[in-house]
Amino acid sequence: MALWFFYGFSEEKPQFFENMSRSSPCNDIVINNQVNIFRQGKTLILKLKSATLRDVAQAAGVSLITASRALGNPVIVSAKTRERVRQAVEATGYIPNMLAGGLKSKRSLTVAGITPGLSVTEFLPMLQALTSDLAGEGYQLLLGETGYDPAREATVLDTMIGRQPDGIVVVGLVQTQRARDRLRRSGLPVVELWELSDRPVDMSVGFSHLKVGGTLGGYFVSKGWKHVGVISGSDSRARLRTEGFTAAFGGHVPMAVVQPPSNLERGRRALAELLQQAPNLEAVCCTSDMLANGVLTEARARGMRVPQDLAVCGFGNTDFSAYTVPSITTVHVDGPEMGRLAARLIMDRCRGKAAEQSIIDVGFRLIERESTGAAA
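Every value quoted in this text rests on a predicted model; they were computed, and no experiment measured them.

**Thoughts on the overall build of the chain**
Inference 1: Counting its secondary structure elements, the chain contains 13 helices and 16 strands.
Inference 2: Across the 376 residues of the chain, 47% fall into the buried class.
Inference 3: Intrachain contacts of the chain at a sequence separation of at least 6 include 65% that bridge at least 24 residues.
Inference 4: When the accessible area of the chain is evaluated, it comes to approximately 18700 Å², of which 51% is carbon and sulfur surface.

**Some points on the state of the cysteines**
Inference 1: One pass over the structure, following the stated rule, counts zero disulfides.
Inference 2: C313 takes part in no disulfide bond, and the closest cysteine sulfur to it belongs to C285, at a distance of 5.1 Å.

**A look at the packing of helix α11 (residues 264-277) against helix α12 (residues 289-301)**
Inference 1: The contact between α11 and α12 brings their axes to 7 Å, and the two run at 55°. Classified by the angle between their axes, α11 and α12 sit oblique to one another. In this structure, α11 meets α12 at a crossing whose hand is right-handed. Note on element contacts: α12 touches α11 through M290, L291, N293, G294, V295, T297, E298, A299 and A301, opposite L264, R266, G267, R268, L271 and A272.
Inference 2: Considering only residue class, the contact of α11 with α12 consists of eight nonpolar, four polar and three charged.

**Topic: the side chain of T329**
Inference 1: Here T329 shows up in the loop between β13 (311-313) and β14 (330-332).
Inference 2: Its relative accessible area of 0% is what places T329 among the buried residues.
Inference 3: Those residues in contact with T329 that sit more than four places away from it in its chain are Y219, V312, C313, G314, L366, I367, E368, R369, S371 and T372.

**So, the side chain of T318**
Inference 1: Looking at the element boundaries, T318 is found in the loop between β13 and β14.
Inference 2: Its relative accessible area of 7% is what places T318 among the buried residues.

**A few points about the confidence of the model for the chain**
Inference 1: Here the chain averages 86 in pLDDT, and 84% of its residues register 70 or above.
Inference 2: Below pLDDT 50 for its whole length, residues 1-33 participates in 57 contacts with residues either more than four positions away or in separate chains.

Basis of the calculations
What you see as residue numbers is a count from 1 along each chain, following the sequence as written. Per-residue local features of the predicted model are confined to residues with pLDDT of at least 70, and side-chain atom pairs are confined, for both listing and counting, to 80 or more; whole-chain, interface and lining totals are unaffected and use all residues. Side-chain metrics in this entry use all non-hydrogen atoms of the structure; hydrogen atoms and water are not considered. Think of it this way: any DSSP run of H or I at least four residues long counts as a helix, any run of E at least two long counts as a strand, and we number them from the N terminus. Burial here depends on accessible area, computed with a 1.4 Å probe over protein chains only, as a share of the maximum for the residue type. Under 20% is buried, over 50% is exposed, and the range in between is partly exposed. What makes two residues a contact is simply this: any of their non-hydrogen atoms within 4.5 Å. Surface accessibility in these figures is a Shrake-Rupley result with a 1.4 Å probe; residues are shielded only by whichever protein chains are displayed. By disulfide we mean two sulfur atoms from cysteines, separated by a distance within 2.5 Å. Think of each axis as a best-fit line through the C-alpha atoms, taken over the contacting stretch in the case of a helix, with angles from 0 to 180 degrees between the N-to-C directions. The cut-offs work like this: below 35 degrees is roughly parallel, past 145 is roughly antiparallel, 65 to 115 is roughly perpendicular, and the gaps in between are oblique. Left-handed is the label given to a crossing in which the near helix is rotated counterclockwise from the far helix by less than a right angle, and right-handed is the label when the rotation is clockwise. Think of it as three bins: nonpolar holds Ala, Val, Leu, Ile, Met, Phe, Trp, Tyr, Cys and Pro, charged holds Asp, Glu, Lys and Arg, and polar takes everything else, Gly as well. Values of pLDDT, which run from 0 to 100, indicate the predictor's confidence residue by residue.

Shown next, in the form of structure tokens:
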């Protein structure tokens, strides 16, 4: 960073600048080790010097090498020292050259995150926890969006790998074999989130979507509902939940499929479609809380009472699901815990520590609320 001030010569110029004007153009004057003044033709130029790493080390009261490690490879420095260096950076205005530092330490201090959609409410708590825990270690999360498109996933991954992150987190399982092979060849630690696989690319933290669907199907059977339907997203995880649910009813139930990401409008349209297929519908299972909210809105518009005329269930336990009228029965998964676990796995690998578990199942639980008849 440099601030430039230009002073033209005048009869009233201070003696300091008078002396400076007679000095050699090659002789800079340094003030308090922070300011350079030099002459260019008939103009005096004052340049504020950028803070250096040495300035940061002095301000933090640590050695130059410790300051360098705190900024370039923070996982090997104590949290107390990192905080002292951080405060010194803020006080001095030092701006690290991350490119040069990355070449020396072989660390970019970034983790790439690949998500199907940035607007998916179910993913947000998980990504926020991931971002927070990485930041606590001196790392930043760089997000790329695939739009639920496997071809775009490969392109985003190539771009992210080219930026040389220290790890990669993918929401969902990597879709194509080409992308899986590319990630394995990169040698980077990779965590696939929100889903489980017996053969992950590297590490996996999530839950079984098939079991979620089976649990919901068993719940609907226990309530005695026979005329049921499903409103499902077309993505692979929603299809697994739908498969688990329909298995409880012999594999065949009326269904409306919507393109992700889910929203309220698509939920409303899907219920209208489902009622055309099954006018005597008693209960509907939705593969997201957002779709369930749309179903509540459409049912209300049609004069249908929930749950008396139509029971509704969602998935994700998003923030609004407990506060709709009626509140939405849903399935809770611990997104923040998944984010924290992913951050820990990546950081451990950056420290050279192998994962004790490469596949972690965080489980899920059904939350019964008013939309399926639970007491308020």
